[in-house]
Amino acid sequence: MLREILSVARADFKERSRTVKWLVVPVVLAYFAKLVTVDMSLVIAEEYTGVPTAGWYGAMLSVMGTFVILIFGFVIVGGSLARDKKTNVDQLIATSQLSNISYLGGKTISNFLLLASITITLAILTGVTFLIQGTGKIDVWALFSPFLLGTLPTMALVAAVVVFFESNRFLQKTTGNILYMFVAIWFIYASSATEGFIDVAAINIFRDSMGQAIAAQYPSFDGNNVGFLYTNSAEYLNPFQWSGVNWTMRDLLSRIPILGVSAVFFGLSYLSFNRFDSTDRWSIPPLKLPMIRSSSSKDSESDLQAGTQIEPNSTDTEIESLSPVTQSGIKFHRVLLSEFRLMIRGQPWWWYLACVLAFVGSLIPSTNALRSVVIPLALLLPLSLWSELGTRNKKYQTEELVFATSGPNILLAASYVAAVLVGFILTAPAGFRFVFMGAFSALFGWAVGLLFLPAAALASGVWSGQSRLFEISYLLAWYFGPMNDVLPLDYIGASNETVTSGITLLYLVLTIIALTATVYGRRMDTRSG
C-alpha cells in the first residue's frame, strides 16, 4: 500500500509542479517577503518592534506566510480530483485495483509536497532578505525553525482539508469554497486571540517568547496585551532584541493537535469518497407514460407491417426547401440574451428568493445602510455565477465548438455585459436612490464595483482556468473590505473615504487592466488551441 501511495503522490506532484502556475509563485513570494520586511513593520503590544535579526525575520514571515497560504493554498493545490475526472482518468481509477486509501493518500501527500515547496521557497527568500536588510549574524536554526515547526504542520492540515472538500460532492463547488474561507479566517482569529486547541501558525509560542524578551529589556512592560499589528512607520516604536524561540518539549507537543486534525480530515475524505460514482445520488425515478403517436406515425407503422416499401426520397421535407445560409454575422443582442439566460438558469429555488429579497432590500432609504450592508450582501448572490466566467468553456470542453462558430471577443463581451446586468438588476433600486438623493460618491462606488467584479472574475477564470481563485479572493475582499472597513479592499465604495482617497478610481483602472488581460489571455488560448 505504501508503494501505491508514493506512486500516486509522485505522479501527481510531477504533473502539477510542471504547470506554468508554479513559475509565478516565486515572484509572488518575493514581493510578499519585501512587503512584510521592508515596506511594513510588525508592532508588538502597540509600542514595540523587534530588531531585524534572523529570528525576527523567520518568525515574522513564517506567521504571515502561514496565514496567507492557509487561505490561498486551497486555491493553489485544489482541483486535483476534478482534473482526474476531466481527463477521464477517473474511469481508470474506478475500475482499477487501486484502493481509496492509496489514491486519497497519494493526493494528500502530493498536496503537502506542493505546499511544502512553497514554504521552502518562502524560507529561502526570507534568508536572502535577511542578508540584504537584516542585522547581526545569521542564525540558521532561528531563521528556519519557525517554518519547519510552525508552518509545515499547518500545510499538512491544508493538504488534508483540500482532499476532503474535493472528495465530498456537497463541498466541491462554491458552497465548499465559501465554507473553507470562513473556517480559515476563524482559525486565524482563534489562533491570534487565545491559546486554543489549535494554533495554526505557532503565534502563541512567538508571542510568549517576545513578551519575555520585552519585559527583560523594558521593566515597565507588564506582559499583558501582547498583540500584533502592522504599520507603515516605525519611528515611534521602541526596538527590542529577540534572537528567536528556544523550542521546548511543550512547544513541540503543541503542534501535534494540528497533525491529529489533519488525520481526522483524511478519515472523513475516505468515508465521503464515492470513487467517482455518480449513480449513488438520489433522483426521482422516471415516469413511464404511454407513447402518444401521431396519425402519420401510425400510417407508417401500418405500411411497414403490410410490407409496403418506403422510398428514400419520399420525405416530407426536402433539401431544396431548407432556408439558405445567411452571412449577416453574429447578432450581439442574441448572444447577450443567451449568455444572460445561461447564467441565471438552473439555480436552486432559494437563490431566486434571495435575489428578490435583495432587490426589495435595495429600496431602503438609508444611504449608509445601502453602501455598507445591503449592496455588499446582495452582490454576494452572483458569486457562483461570476466565478464561472472564463471557465465554462474549459469546464465543459466546448472551446473548439464555440470559438469556431463565433468570435471569442464577442463572447467575452457578451459574458461580461450579462454579468454586469445581473449585479445591476439586483441592486438597481439603490443606484436610482443614489441619483435622486444626489449621493454621487456612493453612485460612483456602486457603478465601479459592478464593473470591476465581473472583470476580475473573467480575468481570473481565463488565466487560472478555475473558479476557486476568484471565489476565495472575492470572499476575502468582501469580508475585510466593505464589512470591516479595510479601505484598499473596499471595491464597492462603502465609505466616502474610499472614493475621496482615489481608491475607487484605482478600481476603475484595475477594471480596464483586467479586461485587457482577459482579451489577451483568451487570444493566447485560441492560438494554442
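Conventions adopted
- Residues numbered from 1 in each chain as written.
- Predicted model: local features only at pLDDT ≥ 70, side-chain atom pairs only at ≥ 80, totals over all residues.
- Heavy atoms only, no water.
- Helix = DSSP H or I, 4+ residues; strand = E, 2+ residues; numbered from the N terminus.
- Buried < 20%, exposed > 50% of the residue type's maximum accessible area, 1.4 Å probe, protein only.
- Contact = heavy atoms within 4.5 Å.
- Areas by Shrake-Rupley, 256 points an atom, 1.4 Å probe, with all protein chains shown as cover.
- Polar contact = N/O pair within 3.5 Å; in protein donor to acceptor, adjacent residues only side chain to side chain.
- Salt bridge = Lys/Arg side-chain N within 4 Å of Asp/Glu carboxyl O.
- Axes fitted to C-alpha atoms, helices over the stretch in contact; angles between N-to-C directions.
- Parallel < 35°, antiparallel > 145°, perpendicular 65-115°, else oblique.
- Left-handed = near helix turned anticlockwise from the far one by under 90°.
- Nonpolar A, V, L, I, M, F, W, Y, C, P; charged D, E, K, R; others polar.
- Phe/Tyr/Trp six-rings, centres within 6.5 Å; stacked < 30°, edge-to-face > 60°.
- Patch = residues over 30% accessible without salt bridge, like charges linked within 9 Å, V, L, I, M, F, W, Y side chains within 5 Å.

1. Brief notes about the overall build of the chain
Move 1: Across its full length, the chain carries 23 helices and 4 strands.
Move 2: Out of the 529 residues belonging to the chain, those deemed buried represent 44%.
Move 3: Look at the contacts in the chain between residues 6 or more apart in sequence, and 81% of them connect residues 24 or more apart.
Move 4: In the structure as shown, the chain presents an accessible area of about 28500 Å², 64% of it carried by carbon and sulfur atoms.

2. A closer look at the side chain of Asn 111
Move 1: Turning to its location among the elements, Asn 111 is positioned in helix α6 (residues 100-133).
Move 2: A residue is classified by how much of its surface remains accessible, and Asn 111, at 0% relative accessible area, is buried.
Move 3: In terms of polar contacts, Asn 111 uses its side chain to reach the backbone carbonyl oxygen of Ala 159, at 3.5 Å.
Move 4: Asn 111 has contacts with Arg 16, Val 77, Ala 159, Val 162 and Val 163, leaving out every residue within four places of it along the chain.

3. As for the pattern of salt bridges
Move 1: Overall, the coordinates contain 4 salt bridges when judged by the stated rule.
Move 2: With its nearest N and O atoms 2.8 Å apart, the salt bridge here joins Asp 12 to Lys 107. Taken together, the residues Asp 12 in helix α1 (residues 2-17) and Lys 107 in helix α6 connect sequence positions 95 residues apart.
Move 3: Accessibility expressed as a relative area gives 3% for Lys 107, which makes it buried.

4. Considering the packing of helix α3 (residues 54-77) against helix α9 (residues 203-217)
Move 1: Direction vectors running N to C along α3 and α9 enclose 150°, while the axes themselves pass 11 Å from each other. Taken together, the axes of α3 and α9 lie roughly antiparallel to each other. In the packing of α3 onto α9, the handedness of the crossing is left-handed. Taking contact as the criterion, the partners of Trp 56, Ala 59, Ser 62, Val 63 and Phe 67 in α3 are, on α9, Ile 203, Phe 206 and Met 210.

5. Observations regarding the packing of α6 against helix α11 (residues 256-272)
Move 1: Packing of α6 against α11 leaves a shortest axis separation of 10 Å and a crossing angle of 135°. As judged from the angle between their axes, α6 and α11 are oblique. Once α6 is placed against α11, the crossing between them reads as right-handed. Residues Asn 100, Ile 101, Leu 104, Gly 105 and Thr 108 of α6 touch α11, and the partners they reach there are Phe 266, Ser 269 and Tyr 270.
Move 2: Of the residues in the contact of α6 with α11, the class split is 4 nonpolar, 4 polar and no charged.

6. Some thoughts on the packing of aromatic side chains
Aromatic ring pairs are reported here in terms of the distance separating the ring centres and the angle at which the planes meet.
Move 1: Taken as a whole, this structure holds 22 aromatic pairs when the rule is applied.
Move 2: Ring geometry for Tyr 48 versus Phe 221: centroids 5.6 Å apart, planes at 80°, classification edge-to-face. Here the residue Tyr 48 occupies a position in strand β2 (residues 48-50), and Phe 221 occupies one in the loop between α9 and β3 (228-231), the gap between them amounting to 173 residues.
Move 3: Between the aromatic rings of Trp 463 and Tyr 520, the centroid separation amounts to 6.2 Å while the plane-to-plane angle is 25°, which identifies the pairing as stacked. Of this pair, Trp 463 sits in helix α20 (residues 440-464) while Tyr 520 sits in helix α23 (residues 503-528), and the two are 57 residues apart along the sequence.
Move 4: Residue class for Trp 463 comes out partly exposed when judged on its relative accessible area of 46%.

7. A closer look at helix α15 (residues 367-378)
Note: α-helices contain 3.6 residues per turn, so residues at a spacing of three or four share the same orientation.
Move 1: Residues Thr 367, Leu 370, Arg 371, Val 374, Ile 375, Pro 376 and Ala 378 constitute the buried set of α15.
Move 2: In this structure Ser 366 caps α15, since a side-chain oxygen of it lies 3.3 Å from the backbone nitrogen of Ala 369.

8. A word on the side chain of Thr 518
Move 1: On the secondary structure map, Thr 518 appears in helix α23.
Move 2: Among the polar contacts listed, one links the side chain of Thr 518 to the backbone oxygen of Ala 514, at a separation of 2.7 Å.
Move 3: Setting aside residues no more than four positions away along its own chain, Thr 518 makes contact with Leu 412, Ala 455, Leu 458, Ala 459, Val 462 and Trp 463.

9. Some details on a nonpolar patch on the surface
Move 1: Where nonpolar side chains cluster on the molecular surface, the patch consists of Ile 120, Ile 124, Val 128, Leu 131, Ile 132, Ile 138, Val 140 and Phe 144 and spans about 770 Å² of accessible area.
Move 2: Taken together, the elements giving at least two residues each to the nonpolar patch come down to α6 and α7 (140-167).
Move 3: With 5 residues, α6 is the largest single contributor of residues to the nonpolar patch.
Move 4: Along the chain, Ile 138 falls in the loop between α6 and α7.
Move 5: Of the residues examined, Ile 138 reaches a relative accessible area of 43% and is grouped as partly exposed.

The values reported here are purely geometric and, on their own, carry no functional implication.
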